[in-house]
Amino acid sequence: MGAIKAMFLGGVLTGVIALVIGSQGSSGGYLSIHDMRVGDYSLYWSWPLFLAGTGLSWALMLLQPD
């Protein structure tokens with residue numbers, strides 16, 4: 001269950017950071033932010049940033065006491 005929560009938080013983190021960097025016209029270097037089409041919509045996305053954000057969220061959740 002913790003991994004699913006971490007994926008959600010990683011997705012939110014990726015969406016916010018990719019929107020800010022991608023809307024400025026930058027690819028973010030190693031972040032490789034690209035314009036992704038989802039149906040009729042377009043959004044900025046980065047798989048490396050998603051994986052890093054998910055790992056960071058999961059690590060923070062593991063540190064919290066039950």
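Student: How do you make sense of the packing of aromatic side chains when you look at a structure like this?
Tutor: For any pair of aromatic rings, geometry is given as the distance between the ring centres together with the angle between the planes. By the definition in use, this model includes three aromatic pairs. Between the aromatic rings of Trp45 and Phe50, the centroid separation amounts to 5.6 Å while the plane-to-plane angle is 40°, which identifies the pairing as tilted. Accessibility assignment for this pair places Trp45 and Phe50 in one class, buried. Cluster of aromatic residues (ring-pair linked, three or more members): Trp45, Trp47 and Phe50.

Student: What should I look at first to understand the environment of Ser57 in this one?
Tutor: With respect to the helices, strands and loops of the structure, Ser57 is situated in helix H2 (residues 47-63). We classify Ser57 as buried; its relative accessible area is 12%. Taking the C-alpha atoms as reference points, Ser57 and Arg37, separated by 20 residues in sequence, lie 26 Å from one another. Apart from the residues lying within four places of it in its own chain, the contact partners of Ser57 are Ala6, Leu9 and Gly10.

Student: How should unusual backbone geometry be read in this particular structure?
Tutor: Both trends apply: most residues other than glycine have a negative phi, and most peptide bonds are in trans. Unusually for a residue other than glycine, Ser32 sits at a positive phi of about 45°. Looking at where Ser32 falls in the secondary structure, it is placed in the loop between helix H1 (2-22) and strand E1 (34-38). Judged by its relative accessible area of 36%, Ser32 falls in the partly exposed class.

Student: How do you make sense of the pairing of E1 when you look at a structure like this?
Tutor: On any regular strand, side chains alternate: one points to one face of the sheet, the next to the other face. Strand direction decides the pairing type here: E1 and strand E2 (residues 41-45), joined by five bridges, are antiparallel. By the bridge assignment, Met36 is partnered in E2 with Leu43. From the end of E1 to the start of E2, which pair antiparallel, there are two residues, and Gly39 there has a positive phi angle of about 65°.

Student: Got a minute to help me understand the side chain of Thr14 in this structure?
Tutor: Structurally, the position occupied by Thr14 is in helix H1. According to the relative accessible area criterion, Thr14 is buried, its value standing at 0%. Among residues more than four places away in sequence, those in contact with Thr14 are Leu19, Trp45, Ser46, Leu49 and Phe50.

The rules behind these values
- Residues numbered from 1 in each chain as written.
- Predicted model: local features only at pLDDT ≥ 70, side-chain atom pairs only at ≥ 80, totals over all residues.
- Heavy atoms only, no water.
- Phe/Tyr/Trp six-rings, centres within 6.5 Å; stacked < 30°, edge-to-face > 60°.
- Buried < 20%, exposed > 50% of the residue type's maximum accessible area, 1.4 Å probe, protein only.
- Helix = DSSP H or I, 4+ residues; strand = E, 2+ residues; numbered from the N terminus.
- Contact = heavy atoms within 4.5 Å.
- Pairing = 2+ DSSP bridges.

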